[in-house]
Structures are given as C-alpha cells and as structure tokens.
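Architecture at a glance
Each chain, letter by letter, is given below.
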Protein chains: 2
Amino acid sequence: MTDDALVIFTPSGKRGRFALGTLVLSAARALGVDLDSVCGGRGICSKCQIVPGYGEFSKHGVTVAADALSEWNAVEERYDRVRGLAKGRRLGCQAQVMGDVVIDVPPESQVHKQVIRKSATERVIAMDAATRAVYVEVDEPDMHEPSGDFERLSRALAAQWQIEGIEAGPEVLRRLQPVLRKGGWTVTVVVHQGNHDARPRVLDIFPGFHDGPLYGLAVDLGSTTIAAHLCDLSDGRVLASSGVMNPQIRFGEDLMSRVSYAMMNPGGDVEMTRAVREAIDSLARSIAAEAGVDPGSIYEMVLVCNPVMHHLFLGIDPVELGQAPFALALSGSLSLDAQDLDLGALNPAARVYVLPCIAGHVGADCAAVALSEEPGKSRDMVLIVDVGTNAEILLGNETRVLACSSPTGPAFEGAQISSGQRAAPGAIERVEIDPATKEPRFKVIGCDLWSTDPGFAEATAQTGITGICGSGIIEAVAEMRMAGLVDASGLIGSADQTGTARALPHGRTHSYLLHDGRDAGGPRIMVTQGDIRAIQLAKSALYAGARLLMDEFGVDKVDRVTLAGAFGAHISPKHAMVLGMIPDVPLDRVTSAGNAAGTGARIALLNRAARDQIEATVHDIHKVETAIEPRFQEHFVAANAIPHAVDPFPELARIVTLPNVSFNTGGGGSGDRRRRRG
Amino acid sequence: MTDDALVIFTPSGKRGRFALGTLVLSAARALGVDLDSVCGGRGICSKCQIVPGYGEFSKHGVTVAADALSEWNAVEERYDRVRGLAKGRRLGCQAQVMGDVVIDVPPESQVHKQVIRKSATERVIAMDAATRAVYVEVDEPDMHEPSGDFERLSRALAAQWQIEGIEAGPEVLRRLQPVLRKGGWTVTVVVHQGNHDARPRVLDIFPGFHDGPLYGLAVDLGSTTIAAHLCDLSDGRVLASSGVMNPQIRFGEDLMSRVSYAMMNPGGDVEMTRAVREAIDSLARSIAAEAGVDPGSIYEMVLVCNPVMHHLFLGIDPVELGQAPFALALSGSLSLDAQDLDLGALNPAARVYVLPCIAGHVGADCAAVALSEEPGKSRDMVLIVDVGTNAEILLGNETRVLACSSPTGPAFEGAQISSGQRAAPGAIERVEIDPATKEPRFKVIGCDLWSTDPGFAEATAQTGITGICGSGIIEAVAEMRMAGLVDASGLIGSADQTGTARALPHGRTHSYLLHDGRDAGGPRIMVTQGDIRAIQLAKSALYAGARLLMDEFGVDKVDRVTLAGAFGAHISPKHAMVLGMIPDVPLDRVTSAGNAAGTGARIALLNRAARDQIEATVHDIHKVETAIEPRFQEHFVAANAIPHAVDPFPELARIVTLPNVSFNTGGGGSGDRRRRRG
C-alpha cells in the first residue's frame, strides 16, 4: 500500500496524486479544479458538495474501492441532519482521500457555473461576478496588541480569501462591531472587487455563515425604454425582466431634442437627470417586487446606454454631444456608488458599473452589443443593427470592426405613428394584407389567434385592440407595399387607385384602415401617409448608416445580419428587407439577438473578465461619424424608396408577384395595376 | 568657446554642465533643484522666478558674464508689464543658459518651501501638500479619434505632471466640458494625491491659469474643545486659528460619560455624531470668515482626535471603547469625502484625512503629538503630556516609545470647577498668593496687568472678571498650597487656621475667596474644597499615567517633560510640579509644545510624507492600558497628595520657605504655622 493515491476529477478530467488524508477540497484547489466554497472549507456552506464514484471506471483506468474516501464525519452528519445532503453526496471540505478515486463535481458545486443564454446564439456566460459573499473567521481583539476590528477583518480576508486591502463605507463600519460579536468572530461579507486598481470593498456584513440572497441588476437605458434584468449573482439566474418607458420622453422624443431641451432650458439637464434616476430606482423596486425579493439585496447594477443617456444619467449636461466634434465628457468605464446616483431602492452600499462608450454617438449600449455579439470574433462579415430610437450599427469581422449610430427616431418603437403605441397587450404586432382583396389580418400582443380566426374577438375582448406597435407598423407598411397599396415612393393610393374602400381620403392624402374598433368602443386604427413617411425616414437612416459602414469597410454586401434591440426580436426579417431597412441577405442569414445590449450588461454583471474585455475592445472599434459624413446624406436620400414591391421570399408564405405600382396624389391618374395570387 | 556651460544653483549648490540654450527650469529639473512651476514652464505662473548672479563668485570659482543668460524675451516683458517682476529676477522657464552662471533660487520659488513652527522646538515643515494646483494643456477633441474630455485631461496630467490615473467626482465631471472650452483647452486643476494606492483625484477645475486660493484645515477635535488652524496649502501660512466648545459636552463631560450616553440612549451616538459634525462645519465657516476667505476654497481637512471622538465623528457607536478589551472599530488612517461627513461648508469635493489611532484609548491625537514632537527621535528620555479632558501621555527615546491615556476629566479645562470657565477674555489665568498676607493677585485673559497694578480695574472693565480657567485654577491651588492655605492632603484651612478672612466657611469645609466682584456687578470667584478635590483627582490620574509608563520602561526619572494640549502652553511648569501633575525635573527641562496635536494635524496637512511616517510610527508605539492595570490604581491613590509645600524653584520668584502644614476639618486643632518671607 502506497501512502498516496490518484485523484481524478470529472467533468474536468484533472488528476493528481495526493497524500492519503488529503481533503478533497484541498486536492481540487491544488489541481485548479472548479469546486466552490463560500465558508472556506469549514463544513458550513455545503457549496463544495461532490459525488465520489465507486466501482470500475474504465475510461480513467481506475477501480475505486468503497473506502476510497474517509468515513462520514460528524460535520457531514450534522449538516445532513440539519439541512439535508442528497444521497451519494459528500462535503469536499470534510471527505479525505484514502485511495484512488474518481470524484464528480456537479454543476451546482462549480464556482464558474455556466449560464446558457436563452437565445439563438446560446452564448455561454462563465460566472465570475464582481460581487460575491465569503465567510471569514476574524481574530478577536487583543488589548496588548491593539488593532481595529476592521484591520483584523482585512487581515482575515487577505489570509483566507486573498482579498487584499479592503475598504468599507460608513454603514458597514457602523455595523461592523456588533455583527462581529453577534457572529462570535465569524462573519459573511459581501465583497465587491472592481476592475483595475480599485480596492475591494465590503458592501455588507452578516453574523456567522449567511447564505442569503445576492442580486444584481443589468439595465439597458434606452431613449424610449428602460429594460432591466434582475439576476442572482451566485448562479446567474434571471429572476425577472421588466421595462418602463423613459420618462425623459416628455422633454423630447429623440436624443437631439433632449439635447436641445438642455440647451434651451437652464437646469433642463438636471430635470432630465432626476427623471431618469427616479425611473431606474422605481424600476428596481418593481422588478424586485415582481420577483418577490427585497431590493435591498441588490448589491450591484450594470448600466448600458447611449452617450446622451449616459451623460444625463451621470448628471452631465449633454450639450457637447449636440454639435461637432461630439465630444464626450468622459468615455471610460465607471464604477460608482448607487447612493451618489440617487438609487435608494438598492442596498445602501450598492455599486454601479457603467460600460465604456465608444464615441460621441456610439455609446456603452453599443459596447454592450459588441460584448454580447462579438463581431470581432466573427469569420464572416456581420452587420449588427441595434434598433431603437437611435440605431447603433456594427459591421465587421475578425479583422476589423466599425461602428456608427444613426438617428432613426422613435417611429420603430411605435412613437410618432398615428395609432402607435409601445409593445403591450392589445397592440397590433403582426400584419398580413391579401394582395387580391386588400383585406388585412393581424395579431395583437397577448393573443395567439389571427384576427380572422374564430374566437379572436372573444380572446381580445379583455385587452381590446388599442394601437399598433413598432413591429406591427413595419409589417403593415411592408404588406401595404406588397399588396399594391403603396408605391415605391411611399405614396398611399386612393380607393379608386387601389380598389379598396379601406383607402380613405385624409386631406390631400390617403390612409389605410387596418381595423375599425368603434363598434366595440375601441379606436379606428389607420396607417396614414404621415406614418409611412415616418417609417421611410427611420428606415432610410438605418439603411444609410449600414451602407456608410460598408463603404468604409470596402464591401458591398454582408454575409449575415443580426437584429438587436429591445424589439429586434419582434421584427420580421422579411418585412425589414421589403422596407429596405437592412441590406438584402438570404433570410436564413438574418438572426435576432433580442436585447443584445441588455445581454451585454448581464454578461458584465456576471463576469468580471468581460469588463476587462470590453474596456479593451472599445478602443479597437473604429467609429464612423454619420452626422458630418456627406455620403450618409446621399445614402439617406437614395434609401427613401421602398424597394420590394414583391415578396422577396415567396417560398416562405403565399406567393405574390406584382409589378411595380405608382400613384399620383392629385387628380385621377391611375397606374397599371395587375395582381395575381398564387 | 565651448558649446556648453557650467550652471550652479544656490542655495543647494547643485551644479552641472548644460548645452547653450538650455532653459534654466530644464537645468534645474535635470539636477533635481527645488524650483517651483505650476504652469509647467509656460511663462504663466511666475513660480519659477530665479536671480542670476553676475560678476565674480570666488566661492564657486566662476566668473559670470553679463550675457550668461539669454536676453529678456517677450513672455518676460509681458509678465513684467501685466503682473510685475522684481528687479534682477528672471523667469526660469524663459531664460536660457548662454554661459557659465550662478543662479539663486529664492525661498518663494522653492517647491518645498519651509514653514518654521513658531514654538520652542521650531520644527521645520517641508511643504509637500497632498492637495495642490497644476496647470495643464489638454488636447482638443478629435472626431476621428474619439475620446472623452476627461480621458484627455487624464493623459495631459500624466504626461505633463506624472499624475497617473486620475478620478473625479460628479461636480467636477459636470463642470469639466464648459471649463475646458472657456479656458481654450488650458485649465488649472486642484489635485489631491492621497497616500497608498488611492488614485489621484481632481477636486476642482478652473479655466486657464488660475492662481486662486487653496486652503486646508487642521482640526484637533478634543472632548471639550475643538481647535482648528486654517492654512494656505501653497505656502503653509496659518491664516487663522480658532476654537469652539465641543457641543457633545451636553451629553457628558468626559469620554466615558459620552460612551454611557450612547449605551443608555438608543440613537444617542447618532445625536452626538450630528452635534460634532455641525460644530466642525460651523467652525470651518467661522474660521474662514475670520480670515476673510471663502470656505469653499478649503479643499482638505486633517483631523486628529481621541478614539471616542474618532468613532463618534465617523458615525460609529463607541460602546466597545467603554469596556475591555477596548476594541477600536477601525484604527488605520482614513481618507474620506467631506460631504459624506456632512461638512457642507468646505468645497464640495473636499477630502478629509484622519490620522491613525494607536489603540482603544490612545488615539489619532496622540499619533499627531508623536508626529509633532517625535519622541522616537529623542536621545534623552522625554515625557510628553497632552493635557486635556483625557490626557495622552508618551514616554520614550530613540530606542522605544510607550503611550497611554489617562482619564483626567475636564477639571484642567476649567470644567467641574465652581467658578470655572474656558480660557476666554475675563478668565483668571495667572494667580499668585502672598504667603505672608494670604492676599492674591491675578491676571485675566485679555489684560497684561496684574490685578494689583494701577489701572487694572479700568483695563478689565469691558470684559469683567468672569471666572477662572484651567491654568488659573492650577496656579491657584498650587499657590494656596505654598501659602499654607492648603495642607498636603488638599484640605483648605479655616480663617482661624490660616489667619486670613479670605478662608470662608462653606458647609463643613472652607473656600478661599480669590476675588469678590459683586461691587462691580460681577461674581465672587472662590476656590472651594470641591475644586481642590477635582484638581487632585485630575492631577493624580495624570501623574499615575506617567508613572505607569516609567515603570513599564524601567526608569524612575525622565530627562525632560513636554507639556502639550490646547492649554499646555499656558500651564506654569512650576505650578504643575508643585501640584505633582508631572514628575520633578529641572524647570528648564520643561517645555511647552502648545497644541502639539494640532501641530501634528498641520504637519500632515502640509506634507504627504508625514502621513506615511505617522502611519508607520503608530505600529512602533507600544500602548499601555491604564484602565485594567492594578499599578495604575496604586499610583493614582499614592499621587493624591500635593507634594510641594514650598516653592521648588525659589530662585525664579520670591523666596518662600515654610514648614509643612496640616489641617483638621473638625474642631480647633491647629498646626504649627510659621512663615518667613525673604
């Protein structure tokens, strides 16, 4: 019998020989095996649970005897009695190696648990949150070797967790002495370790071992919408996702009108700062309520946003962003106290991390999209479009990444549309128009039926049919074009021209009646000529931005397109191409990344290394300024038309072919309108 | 003719050869000569003024030609025209070396200007304040290489001043963009460089070159008195010194009664924290008003205080300091935001540095005394006594330093004394009693005459004679003892026993009438038996602390005594020894260091290296705990008597010899009382 034994850990496959009697946790640490422990090996936290295998393990060439680990000890028995230990499990900090053994580390015992993003791209996030809880044993005070309780806590964290040189805020210092005494000189501390040379900070302290909740908030602060994910910082789970309108809308719908508001109204920036901070604070409260947790357990927030939102959130007048050279007051990442930002809902010691900006018009939201979608790691040429009130556009591959922003305005979010509304139950989100009959059918949010399906009226009776949201108006306009209701220039034809009574006169122009809800006490939902113009302006801006980047890169087509943005998930790629929002690519090369900026925020919340990564990456992204680029204007003007009069992907739905149509606004001129339906 | 020249700087004597055309400032920097420059050599600040010498300099073996420096240039001419340049002076950043030259750097052009402390020990403070102003030129924004204004400021500070990795608070960030533009991309920034690994912080920013005021506040927060010095951070000048009563007195006169108040009254610590912060804030306002400056120009405060004050100022319940093992919540030095401490009078970005504590009863005030008096550098055995409501005592020499604190109570500050008051105009501060007649004479604060001098009544008519301050009561009791009015046990004799009608019956004891001001509408000022007891308790505690340290060190005498404390300057060493406050030493070996704790605070304010020094020193000072040491009690009891019935230093004043006297409280027992007067 030798005095050492072979230990093999699965799933990592890491192996080594250890003296008999070595603790499994010690062996794991020596080999760099990813085995968690919050209590530092004291049999308290149970995070280090492992599953020893007994019998033959041919793959590893090891036969494991039944006594390969030491007997259950008193600590494990007590733990099992008090909190329960699943059958076959041992505590890694108690079980000793007594012979050759294969030890499995179950997923929940791994420090770097992996969170699979529930989206098309299935990006894996390794857990390594900046904020975590650790258990420490602190030396008692000694009158003859006087030192502060805080200094002894600091020494304990350095010795037991290699967390060096901590600092703490007033609230923690105030509670430190009673908590240390209540815990009998053992405490669980919530520690925040920021990046760079920032000192680790104690955010909270609890007596003894405390397995309490530890939450983080990932916030995507958009011009129109503020979206947030509430995450568990220990395992990355999303407990709740929620959003509210940005209350700054009352100061101006788009970014430039808010900059103007700040310029024209002394103190206007202060008003807007207050409004957005209040909104985020109350969003934190409501999302915590939705998840049934205490917002005081939110210890960190990660924020992404465009530069104007960034400055207004930080309390900086955004006026310089309204004029060339669009200088940011500051562009680097920031780590701040939540209290200094008036976020009283969070824990009083909570920290806020703000991702870096790329340039004056390309913000931390774009950086977050780059973190989530990683265009710089793509082998083929990818165009990423984050559609919002301001569109952020990234183009590139592993050789180079370009970025710009384009002022699309809020039309894609249902604003500036006559019957527009934000995406909420009752809003029309899908539209089809029969090219023959010109009759529409549609779906509303909150109901799976089409409007032509039996039972639709009953199913929507509760919400009503209240308006049309961003994805709905895009589909409606594209469908109107394909149904011959609108010509390439965007003009809606009259009833005479189009042959449908749904084309109603509206001053010197026409509107298309999508739904008349007046009998049910609801509104008439129309697509007006003004709506078409708003969508044309928005899509032209978007397309022009993408083209400008393609020019700069020297390519005239892209391999794939990723649609991002809070409502990117809902845009039909086909309709986007019919409208000419994005360059044509095969339909299966268009994917949705959902709220990629929010995902980027979540990645930064859950993984410290991702912060270093994006802070380095933003310097490599080359920014193209649309506002002063004459070619942007040229592309913008050229992109005004609605290119596809026919369904470009007829195999996907009904087959429609029809020639181009054109209408005159005045008089009775009529185009050649023939329609066929397959 | 060679193409380089010898340059010798005085007073440093540093010399080197430089290529012709080298700027004097560049030569000074190359040699490490202490030549100031705020504008970084741009001819704006004039801090680099130098005085070239012409003619023969035999000491240096150099003959300096009249054209050894370049001609006056346009920058110097403009500076002279606009702001004036003293005759013979040049700007070091403009004048070029054209031949061998001797250049004098006048004191005001030295970076490390020296401030001579106006006291017996004449300690020199080299100027190297943590907070200073520097002028920088910042790159303009470039749309094609986007970066934040803050990031460009950061790069400029690193390149032009080697100040790396700055951070800034919200107010500076808010003002950054307009200030940079107003200054045409040149700004003067107030930078704070703390110790350790803290990042330098921009506290304020001004357009262009700004030679504005930069003040610091050194605060000694005592149990009874809060004293402050307002200093100019550019040259160390003290602009004003002021003090107020600590408003916490209403919660308890001494430290332990304040700890008790916190224990007995929930929220009591919060009340006391609020009170002391308000007092310091309003002291900052009043001292600035006294100096005629804006308190918003105070950018840094250094605070020293005892541990209980330390905790209460920081908002930490001091309850643990009331019981063994007297654990401090935290002992290290601290660097904090003034705003977090509710100090709204100071600049919004002002920083607060708190010196480290030594132990549970030996605080940052004692550390400051050690910084000021440097017992660890003394060759002879020095006893330093910082007299206040709590006395801090240091004993040692270059081999070792011991410290303790002793609860003297506030009697030495005039509190708990029947006619006591704080040192203010109208308070009796000096007392003499004729041993023959038992008649007193005294001086009051604000008047140079003795009470027996002609014109005294007129001179004091305005202030009146309102009470007796700490130094006055010490002298009164000592003089009473030497005049045979009090025996060794502290008992005041009756009129019969002492032969003076000033000994008035007072219950079962007697009082001595020092001054009857009733005719002038003022009070009767008496020394009561209770006053004597209060002084005896206080001086016993002080003496017992000193003896305990001497025991610990293994010495039975000291070489010299330094009296410190806000009123240390006013205690007569002779009277202190008559009372037995301090061990006997030759009178010329007793010096006063004035408010040494305040001086220590001022040193830390003006010199960064001093902070490192004291942070290291506190770990080397060995603390002796009086509260649990049985020998302290023994020394305390043994020290109750008033040892010297005769003037121990008769050569200094009138010669008095008289035998010991002793009184009985009851009956008519009379001692042998013979008096002679020389």
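This is a predicted model, so every value here is computed, not measured.

So, on to the overall build of chain A. The helix and strand tally for chain A stands at 16 helices and 33 strands. Taking the principal axes of the C-alpha coordinates as reference, chain A spans close to 100 × 65 × 55 Å.

Residue and element names in this part refer to chain A. Looking at where Gly194 falls in the secondary structure, it is placed in the loop between strand E12 (186-192) and strand E13 (201-207). C-alpha of Gly194 to C-alpha of Leu334: the two residues are 140 residues apart in sequence and 9.9 Å apart in space. Setting aside its immediate chain neighbours within four residues, Gly194 contacts Ala130 and Ser335.

Attention shifts here to unusual backbone geometry. The step from A:Ala324 to A:Pro325 runs through a cis peptide bond, and the omega angle for that step is 5°. Inspection of the secondary structure puts A:Pro325 in the loop between helix H7 (307-314) and strand E18 (334-337). The linkage connecting B:Thr10 with the following residue, B:Pro11, adopts the cis geometry, with an omega of 5°. Topologically, B:Pro11 is positioned in the loop between strand E1 (4-10) and strand E2 (15-19). For B:Ser46, which is not glycine, the phi torsion reads 65° and is therefore positive. Tracing the backbone through its elements, the reader meets B:Ser46 in the loop between helix H1 (24-31) and strand E3 (49-53). In this structure, B:Phe326 is a non-glycine residue whose phi angle is positive, near 55°. The buried category is assigned to B:Phe326, around which 20 C-beta atoms lie within 10 Å.

What follows covers the domain arrangement of chain A. Think of interface size as the accessible area that goes away when the parts come together; that is how it is often given. All names here are of chain A. In terms of domain boundaries, chain A breaks down into domain 1 (4-109), domain 2 (114-207), domain 3 (216-354), domain 4 (372-409 + 541-652) and domain 5 (411-534). Each of domain 4 and domain 5 has a C-alpha centre, and these two points are 27 Å apart. A per-class count over the side of domain 4 that touches domain 5 returns ten nonpolar, eight polar and one charged.

What follows concerns the sheet that holds strand E15 (residues 225-232) of chain A. Residue and element names in this part refer to chain A. If you walk across this open sheet you meet the six strands as E16-E15-E14-E17-E19-E18, and the pairing is mixed. Since the sheet does not close on itself, it has two edges, and those belong to strand E16 (238-245) and E18, each with one partner. Ignoring strand direction, the axes of neighbouring strands in this sheet form an average angle of 20°. In this sheet, strand E19 (residues 351-354) lies alongside strand E17 (residues 298-305) in parallel orientation, the contact comprising four bridges. Its bridge partner lying in E19, Glu300 is registered against Arg351. Relative to the sheet, helix H8 (residues 364-373) contacts strand E14 (215-221), E17 and E19, its axis offset from that of E17 by approximately 100°.

Among all positions of helix H5 (residues 255-264) of chain B, only B:Leu255, B:Arg258, B:Val259 and B:Ala262 are buried. Down the axis of H5(B), the buried side of the element spans an arc of 100°, and every buried residue falls inside it.

With that settled, consider the interface of chain B and chain A. With 35 residues of chain B in contact, the opposing surface of chain A contributes 35 residues. Here the side of chain B that touches chain A takes five residues from helix H4 (residues 170-182) of chain B, the largest share from any one element. Among the residues making up the side of chain B that touches chain A, the classes are represented as 17 nonpolar, eight polar and ten charged.

Moving on to the relation of the copies chain B and chain A. To go from the first copy of the chain to the second, apply a rotation about an axis and then a shift along the same axis. Overlaying chain B on chain A yields an RMSD of 0.2 Å, the required transformation being a rotation through 180° with an accompanying axial translation of 0.0 Å. Such a turn and shift between the copies fits a two-fold axis. The share of interface residues of chain B whose copies in chain A are also at the interface is 100%, consistent with both copies meeting through the same surface.

A word on the pairing of strand E30 (residues 590-594) of chain A. All names here are of chain A. For E30, the buried fraction is high: four of the five residues fall into the buried class. Where strand E29 (residues 560-564) lies against E30, four bridges are found, and the strand directions are parallel. Directly across from Val561, in E30, lies its bridge partner Val590.

All names here are of chain A. One can find Ala291 in helix H6 (residues 268-291). For Ala291, a count of 18 C-beta atoms within 10 Å corresponds to the partly exposed category. Note: C-alpha distance between Ala291 and Val238 (53 residues apart in sequence) is 9.6 Å. Beyond its immediate stretch of four places on either side in the chain, Ala291 contacts Leu230, Leu239 and Ala240.

All names here are of chain B. Pairing in this open sheet of four strands is mixed, and the strands run E10-E12-E13-E11 from one edge to the other. Two strands lie at the open edges of the sheet, namely strand E10 (131-137) and strand E11 (167-168), each paired on one side alone. Of the strand pairs in this sheet, E11 and strand E13 (residues 201-207) are connected by two bridges, and their pairing is parallel. Counterpart to Ala168 in the pairing with E13 is Val202. Contacting E10 and E11, helix H3 (residues 149-161) crosses the sheet at an angle of about 105° to E10. With respect to the sheet, H4 is in contact with E11, strand E12 (186-192) and E13, its orientation differing from that of E13 by roughly 35°.

All names here are of chain B. Interaxial distance between helix H8 (residues 364-373) and helix H14 (residues 596-606) falls to 7 Å at its minimum, and their mutual angle equals 75°. Taken as axis vectors, H8 and H14 run roughly perpendicular relative to one another. Seen from H8, the contacting residues are Asp365, Ala368, Val369, Leu371, Ser372 and Glu373; seen from H14, they are Ala596, Ala597, Thr599, Gly600, Ala601, Ile603 and Ala604. Considered class by class, the residues forming the contact of H8 with H14 number eight nonpolar, three polar and two charged.

Attention shifts here to helix H10 (residues 470-482) of chain B. All names here are of chain B. Over its 13 residues, H10 runs 19 Å from end to end, which matches the ideal 18 Å to within 8%, given 1.5 Å per residue. A large share of H10 lies buried, amounting to 13 of its 13 residues. Immediately beyond the C-terminal end of H10, within one or two residues, lies Gly484, with a positive phi of roughly 75°.

Residue and element names in this part refer to chain A. Counting buried positions along E29 gives four out of five residues, so the element sits mostly inside the fold. Of the strand pairs in this sheet, strand E20 (residues 382-386) and E29 are connected by five bridges, and their pairing is parallel. Of the residues in E29, the one forming a bridge with Leu383 is Val561.

Residue and element names in this part refer to chain A. Mean pLDDT over chain A: 87, with 92% of residues reaching 70 or higher. Note that pLDDT drops below 50 for residues 116-121; the model gives that stretch eleven contacts with residues more than four away or on any other chain. Segment residues 664-678: pLDDT under 50, and 25 contacts once partners within four positions in sequence are set aside and those in other chains are kept. Here the predicted complex carries an ipTM of 0.79, next to a pTM of 0.79.

Glancing now at the environment of B:Val477. You can see B:Val477 is positioned in helix H10. Excluding residues within four positions of it along the chain, B:Val477 makes contact with B:Val527, B:Ile532, B:Ile535 and B:Leu579.

Calculation rules
Residues numbered from 1 in each chain as written. Chains lettered and ligands numbered in written order. Predicted model: local features only at pLDDT ≥ 70, side-chain atom pairs only at ≥ 80, totals over all residues. Helix = DSSP H or I, 4+ residues; strand = E, 2+ residues; numbered from the N terminus. Contact = placed C-beta atoms within 7 Å. Buried ≥ 20, exposed ≤ 12 C-beta atoms within 10 Å, placed from the backbone. Domains from an automatic or database assignment. Nonpolar A, V, L, I, M, F, W, Y, C, P; charged D, E, K, R; others polar. Pairing = 2+ DSSP bridges. Axes fitted to C-alpha atoms, helices over the stretch in contact; angles between N-to-C directions. Arc of directions from axis to C-beta. Least-squares fit on C-alpha atoms with pLDDT ≥ 70 in both. Parallel < 35°, antiparallel > 145°, perpendicular 65-115°, else oblique. Expected span 1.5 Å × (residues − 1). pLDDT = per-residue confidence, 0-100.

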